[in-house]
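# Observations on the three-dimensional arrangement
The residues making up each chain are set out below.
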Amino acid sequence: MERREFIQKSTLAAMTIPEILRGKSVDSNKMGVVVHSYGARYGSKVASQKYPAFNNAIDLMEHCKSIGAGGIQVVIKDWAEDFSKKVREKREKYEMYLEGSIQLPKTADGVAQFDKDVKAAKEAGASIIRTVSLGGRRYEVFHKNGEYQEFQKKAIEAIRLAEPILQKYKMKLGIENHKDWRADELVKVMQLIDSEWIGVTLDFGNSIALLEDPMKVVETLAPYSFSSHIKDMALDEYQNGFLLAEVPMGTGILNLKKMVELCLKHNSKIKFNLEMITRDPLEIPCITADYWPSMEGIPAIDLANTLKLVKDKKSAKPIPKISPLSPEEKLAIEEKNIVDSFAFAKSLGL
């Protein structure tokens with residue numbers, strides 16, 4: 001069976017019978033929102049009347065519905081059964097999709113918690129959950145190549161521990177390229193695990209930090225992708241490498257139209273979750289010695305091509321910094337960046 005056909009069939013298989021009968025599955029490609037897009041507002045302690053805090057998934061869903069989102073991707077951790085039910089009811093009322101974001105079990109002792117969180121996601125109406133293998137960035141976390149190799153082994157073991165639970169609940173898991181796995185490495189993981197329940201959450205821009213061409217990343221990972229983080233990126237030079245930042249869709253360097261088309265070619269049901277993180281640009285210190293211990297074996301041509309991309313496509317204006325702004329100003333620019341991205345998404349049919 002072709003992988004595209006397999007993914008499409010497994011999408012239907014993962015839906016519960018009640019969802020099919022009620023017609024509450026969300027087949028629209030309308031763009032959703034990753035909770036991290038609201039990094040300033042979700043759980044905020046700022047007493048803002050215009051941008052009140054989102055305290056839970058329902059608050060987030062209600063606001064995202066108001067700006068035209070098709071769904072949300074949100075962290076699921078220790079949800080009570082009654083809260084999962086409330087999320088499901090809200091999701092069905094709004095006809096929005098839900099994707100969960102949960103942690104993998106690091107050891108056998110963590111399987112019970114993983115089971116609990118997957119069950120909560122299922123009860124809330126999710127059929128896809130997203131996870132990361134490494135919370136940080138590999139070039140910041142690891143200082144020896146052996147450390148990164150050990151991480152890979154433990155990450156694969158964590159995925160193996162998770163797989164029976166995913167099969168139990170008929171839940172698909174998308175592993176994100178989260179500045180940890182390069183695309184070819186993540187494909188090898190997919191081929192090694194070889195499970196209908198294990199796929200990719202494809203982030204459109206993260207892998208630039210690992211000296212990968214963003215279009216090649218999409219071409220490589222789209223055949224394995226259950227879910228996505230759609231975003232646009234800006235670049236600039238700095239003394240130790242380059243700066244990388246999420247910017248409102250349509251204002252950065254990515255060919256979003258082609259990326260979306262590639263994803264839909266391989267999985268017509270894939271959801272495009274906006275991850276517009278409003279923050280200071282990240283410093284990618286790729287011409288320093290500290291960057292390279294976990295990147296052993298990466299071709300020099302990848303560094304050369306990335307630095308050329310930065311030079312050719314660097315932002316015409318300095319990438320704005322968010323840290324000097326007041327809390328209210330941060331909330332305001334965060335909302336504007338998200339709303340502007342939704343306006344551009346219409347040109348992509350999302």
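Now for a description of the structure that goes with this document.

So, how was this worked out
- Residues numbered from 1 in each chain as written.
- Predicted model: local features only at pLDDT ≥ 70, side-chain atom pairs only at ≥ 80, totals over all residues.
- Heavy atoms only, no water.
- Axes fitted to C-alpha atoms, helices over the stretch in contact; angles between N-to-C directions.
- Helix = DSSP H or I, 4+ residues; strand = E, 2+ residues; numbered from the N terminus.
- Parallel < 35°, antiparallel > 145°, perpendicular 65-115°, else oblique.
- Contact = heavy atoms within 4.5 Å.
- Nonpolar A, V, L, I, M, F, W, Y, C, P; charged D, E, K, R; others polar.
- Pairing = 2+ DSSP bridges.
- Phe/Tyr/Trp six-rings, centres within 6.5 Å; stacked < 30°, edge-to-face > 60°.
- Buried < 20%, exposed > 50% of the residue type's maximum accessible area, 1.4 Å probe, protein only.
- Lys NZ or Arg CZ within 6 Å of the ring centre and 35° of its normal.
- Right-handed = clockwise from strand over helix to strand, strands pointing away.
- Salt bridge = Lys/Arg side-chain N within 4 Å of Asp/Glu carboxyl O.
- Expected span 1.5 Å × (residues − 1).
- Bend = angle between axes of the 7 residues up to and from the residue.

Further remarks concern the packing of helix α8 (residues 183-193) against helix α9 (residues 214-221). Remark: α8 packs on α9, axes separated minimally by 9 Å, with the N-to-C direction vectors making an angle of 10°. Regarding the angle of α8 to α9, the classification is roughly parallel. Along the contact surface, α8 presents Ala 183, Leu 186 and Val 187, while α9 presents Val 217, Thr 220 and Leu 221. Class assignment of the residues belonging to the contact of α8 with α9 gives a composition of five nonpolar, one polar and no charged.

This paragraph deals with the sheet that holds strand β11 (residues 282-284). Taken in spatial order, the three strands make up an open sheet running β8-β9-β11, and their pairing is antiparallel. The outermost strands of the open sheet, each flanked by one partner alone, are β8 (232-238) and β11. Neighbour-to-neighbour, the strand axes of this sheet turn through a mean angle of 30°, independent of strand direction. Across seven bridges, the pairing between β8 and strand β9 (residues 241-247) is antiparallel. In the sheet register, Glu 237 faces β9, and the bridge partner there is Phe 242. Of the strands in this sheet, β8 and β9 are in contact with helix α11 (residues 300-313), which crosses β8 at around 100°.

Let's shift gears to the packing of aromatic side chains. In this description, a pair of aromatic rings is defined by centroid distance and the angle of the planes. Taken as a whole and assessed by the stated rule, the structure comprises eight aromatic pairs. Residues Phe 142 and Tyr 148 carry aromatic rings whose centres are separated by 5.7 Å and whose planes lie at 65° to one another, so their mutual orientation is edge-to-face. Phe 142 sits in the buried class, given a relative accessible area of 9%. Here Tyr 291 and Trp 292 contribute two aromatic rings whose centre-to-centre distance is 5.3 Å and whose plane-to-plane angle is 75°, an arrangement assigned as edge-to-face. Residue Tyr 291 is classed as buried on the basis of its relative accessible area, which comes to 0%. Given the relative accessible area of 25%, Trp 292 is considered partly exposed. The ring of Tyr 148 is capped by Arg 138, whose NZ or CZ atom sits 3.9 Å from the centre of that ring. The cationic tip of Lys 172 hangs over the ring face of Phe 226; the distance from NZ or CZ to the ring centre is 4.9 Å.

What follows covers the environment of Lys 311. Relative to the helices and strands, Lys 311 is located in helix α11. You can call Lys 311 exposed: its relative accessible area is 60%. Remark: the alpha-carbon pair of Lys 311 and Leu 235, spanning 76 residues in sequence, is separated by 8.5 Å.

Right, let's get into unusual backbone geometry. Notably, Lys 170 is not glycine yet its phi reads approximately 55°, a positive angle. Structurally, Lys 170 is set in the loop between α7 (145-169) and β5 (172-176). A positive phi angle, near 65°, is found at Leu 211, a position not held by glycine.

This next bit is on the pairing of strand β3 (residues 97-101). Counted residue by residue, β3 has five buried out of five residues, so it is predominantly covered. Where strand β2 (residues 71-75) meets β3, five bridges bridge the pair, whose relative direction is parallel. Paired with Gln 73 across the two strands is Glu 99, which belongs to β3. Of the crossover connections in this fold, the one passing from β2 over helix α4 (residues 81-94) to the parallel β3 is right-handed. As judged from the three bridges shared by β3 and strand β4 (residues 128-131), these two strands associate in the parallel manner. By the bridge assignment, Gly 100 is partnered in β4 with Ile 129.

In the structure shown here, the tally under the stated rule is 18 salt bridges. One salt bridge in this structure joins Asp 115 and Lys 168, with 2.9 Å as the shortest N-O distance. Linking Asp 115 in helix α5 (residues 111-124) with Lys 168 in helix α7, this pair joins segments that are 53 residues apart in sequence. Look at Asp 115 and you get buried, because its relative accessible area is 15%. By relative accessible area, which is 51% here, Lys 168 ends up exposed. Through salt bridges that share partners, Asp 203, Lys 231, Glu 246, Glu 275 and Arg 279 make up one connected network.

Packed helix pairs are specified by the crossing angle of their axes together with the interaxial distance, meaning the distance between the axes. Where helix α3 (residues 57-66) contacts α4, the axes come no closer than 10 Å and their chain directions differ by 10°. Of the possible angle classes, the one that applies to α3 and α4 is roughly parallel. Of the residues in α4, those touching α3 at Ala 57, Ile 58, Met 61, Glu 62 and Lys 65 are Phe 83, Lys 86, Val 87, Lys 90, Arg 91 and Tyr 94.

A separate point is the side chain of Thr 131. Counting through the fold element by element, Thr 131 comes out in strand β4. Beyond its immediate chain neighbours, meaning those up to four positions away, Thr 131 contacts Ile 102, Gln 103, Leu 104, Leu 173, Gly 174, Ile 175 and Glu 176.

Attention now moves to α7. Taking 1.5 Å of rise per residue, 25 residues should cover 36 Å, and α7 covers 37 Å from first to last C-alpha, within 8% of that figure. Along α7, the sharpest change in direction is near 30° and occurs at Ala 162; proline Pro 164 comes one to four residues later. Of the residues trailing α7, Lys 170 is marked for its positive phi of about 55°.

So far we have only geometry, and geometry alone does not tell us how the molecule works.
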